[in-house]
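Fold and contact review
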Amino acid sequence: MERIELLPGVYLRAIQAEKFKTACFSVNFLQPLTKQLAPVNALLPSVLLRGTQHYPTIRDISAHLDDCYGASFGTLVRKRGDIVTSGFYADFIEDQFTPDAMPVFSAMTDFLAELLFAPCRTADGQFLPAFVEGERQNLCNAIAARINDKRSYAVWQLLAAMCADEPYGIPRLGDLETAQAVTPQALQAHYETLLRSAPVELFYMGRQTPEAVTEQMTQALSRLPKRQVQPVSYRPMPGTPTPRTITEQLDVTQGKLCIGLRTNCDGADEPAFVALQLLNVIFGSGINSKLFLHVREELGLCYYASSSLERCKGIMLISSGIDFSQFGAARDAILQQLDACKQGQITWDELETARRYLCSAWRASLDAPGRIDDFYLGQAICRSEATIEDRIALLEHVTLQQVIDAANRIVLDTVYFLKGAEA
C-alpha cells in the first residue's frame, strides 16, 4: 500500500479491496491553520460544489450523480494539529455492478476535474457572488450555532485557551467575524494559491488496481498549474506548562468540566503513540475505563466522563458533565485516576480488556472506508508509513510498563469549567 507522488506535491494512497460493492476516494488540500484562512478553506469546497460550467446548478449536479447510479460527492474540512485540510469525498458503485457496465469511477474523476478546474465564474473570472454569499451565510450559521451544543462548545473554549498562542486554538471553521468578511475576490485568490502551492493527499479504496487509479487521478489533476509546493507540518507542543483554571458562566443547567493535558508524545512515534492509545482506553475511553467505573459509577460525580487524543497535536482531552457544586471533587477525582495510572495501578484485566477493545476497534475499521481514509490522512500528516495492520500488531505487544511510561509523560495544562449564570 505504497504512497506515491503523482505530480509535484500530489500524493496518492490506493487500496485495492474486493470486499465492497462501492468504492470511494478523497481529495485533500493541506494548508497551515490560520485565523484569516480558516473560514476561506471551509468555504471553498462548498462554493465549488455549487455549480460548474457543465453542471451550473445544484439540480444539474444532483441529476449527474443520479445518472452515476446514486453516487455521492461531498465536501471535507478537517483539522489535524496545526493543519487544516479542505476537499471532497466521493462514494460510488463499482463499475462491474452497474447494469450497463458504466465506467462510474472515470465519471467521478472527470467530475472531480470539473469541480476543481471549471467552476462557475463571472465574466471577469471571479466566483459567482450569489454562490459565495449563499455558502458564506451557511458557514456563518454553522459557526454561530456552535454555542448550542454546550458539550462541544466547552471543548472549543478549552482548546482556545489552552492553545491561544498556537494555530490549533483556531476553530476548524474559523470565527464569525472573519467568515462574514470573506469576499468572492478573496476566495478566488485563495483558490488559485491552493492549486499552485498546497500539498495534496489523495486516497482511494475499491476494486480498481493502483495502476488504474494512478492513471485516472493523474489525468484528473493534469490541469493543475505549475506548482511551487509549500510544505506544511504538524507541530506537537511538548513541555511542562503552568496549569491554569478558566471559568465561564452561561445559562446552562449542567456544568461542563473539560481538562486539557499535554501528552509529550510525537505522533510520528508509532510505538509510543500506540502505548498512549492503550492508556487512553484504560483511563477514560469506554465503559470499562477508570473514569467511567470510578468517577461516574462509584463516586457519582459526573453524568458522563471520557478522554480522547489529538495525535497530531499531542493533546489529551477530558470532557465531563457535572453538577455545578461538584467542580472541585470531580476535577480532583479525574486527576487522581490519571495519577493511579502513573503509579502503575493498572490490573492485568484492565490492560487486557483495553487491548482487546482497541484491537477489535481497529479490525472493525477495516470494514469502514471512511475511517480508513481518515486514518491514512493522519498517517500522511504525521509522516508515518505504518498501516492499520501494523498498528494492531504493535497493540498486541504493548507492555504494562510502556503504558505507565506513556502516563508519566502526560502533564496538566488547562482546566475549563462552564457553569450556570447563577451558580
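Below is a short write-up of the structure. Counting restarts for each chain, with residues numbered from 1 along the sequence as it is written. With the structure being a predicted model, the display of local features is reserved for residues of pLDDT at least 70 and the display and counting of side-chain atom pairs for 80 or more, all residues being used for whole-chain, interface and lining totals. For the side-chain quantities, the full set of heavy atoms in the structure was used; hydrogens and water were omitted.

So, the sheet that holds strand E2 (residues 10–16)
To keep it simple, the criterion reads: At least two DSSP bridges between two strands are needed for those strands to be called paired. Helical segments are the DSSP runs of H or I of at least four residues, strand segments are the runs of E of at least two, and each set is numbered from the N terminus. An axis is simply a line fitted to the C-alpha atoms; with a helix, the fit covers only the stretch in contact. Between two such axes, the angle follows the N-to-C directions and lies from 0 to 180 degrees. Residue contacts are defined here by distance: any two heavy atoms, one from each residue, within 4.5 Å place the two residues in contact.
Taken in spatial order, the six strands of this open sheet run E1-E2-E6-E3-E5-E4, and their pairing is mixed. A strand with exactly one partner marks an edge of an open sheet, and here the two such strands are strand E1 (3–7) and strand E4 (72–80). With strand direction ignored, the average angle separating the axes of adjacent strands in the sheet is 25 degrees. Relative to the sheet, helix H13 (residues 369–382) contacts E1, E2, strand E3 (22–32), E4, strand E5 (83–93) and strand E6 (200–206), its axis offset from that of E6 by approximately 150 degrees.

Side note on helix H14 (residues 388–395)
Quick reminder of the rule: With a 1.4 Å probe rolled over the protein chains alone, any residue whose accessible area is under 20% of its type maximum counts as buried; one over 50% counts as exposed, and the rest are partly exposed. Picture the helix axis, draw a direction to every C-beta atom, and the arc is the one those directions span.
Along H14, the residues that are buried comprise Ile388, Arg391, Ile392 and Leu395. Down the axis of H14, the sector holding all buried residues measures 100 degrees, keeping them to one side.

Digging into helix H7 (residues 184–197)
We count it as follows: A helix is expected to span 1.5 Å for every residue after the first.
Here H7 contains 14 residues, and its C-alpha end-to-end distance of 20 Å stays within 8% of the 20 Å for a straight helix at 1.5 Å per residue. Burial in H7 covers these residues: Pro184, Leu187, Gln188, His190, Tyr191, Leu194, Leu195 and Ser197. Taken together, the buried residues of H7 touch E3, helix H1 (38–48), E5, helix H3 (104–117) and helix H4 (129–144).

What to know about the sheet that holds strand E9 (residues 304–310)
What the five strands build is an open sheet, ordered E7-E11-E8-E10-E9; its pairing is mixed. A strand with exactly one partner marks an edge of an open sheet, and here the two such strands are strand E7 (244–250) and E9. Strand after strand, the sheet turns through a mean of 15 degrees between neighbouring axes, direction not considered. Across seven bridges, the pairing between strand E8 (residues 255–262) and strand E11 (residues 411–420) is antiparallel. Each bridged residue has a counterpart across the sheet, and for Leu261 the counterpart in E11 is Leu412.

Brief notes about the pattern of salt bridges
One side chain can pair with another of opposite charge once the charged atoms of both are near each other. The criterion, for reference: Any Lys or Arg side-chain nitrogen located within 4 Å of an Asp or Glu carboxyl oxygen qualifies as a salt bridge.
Across all of its chains, the model carries 19 salt bridges by this definition. The partner of Asp82 in a salt bridge is Lys313, and the shortest N-O contact between them spans 3.1 Å. Highlighted residues: Asp82 in the loop between E4 and E5 and Lys313 in the loop between E9 and strand E10 (315–322), separated in sequence by 231 residues. Summarising the burial analysis for this pair, Asp82 and Lys313 share the class buried. A network of salt bridges, in which partner residues are shared, links Asp82, Glu166, Arg262, Lys313 and Asp413.

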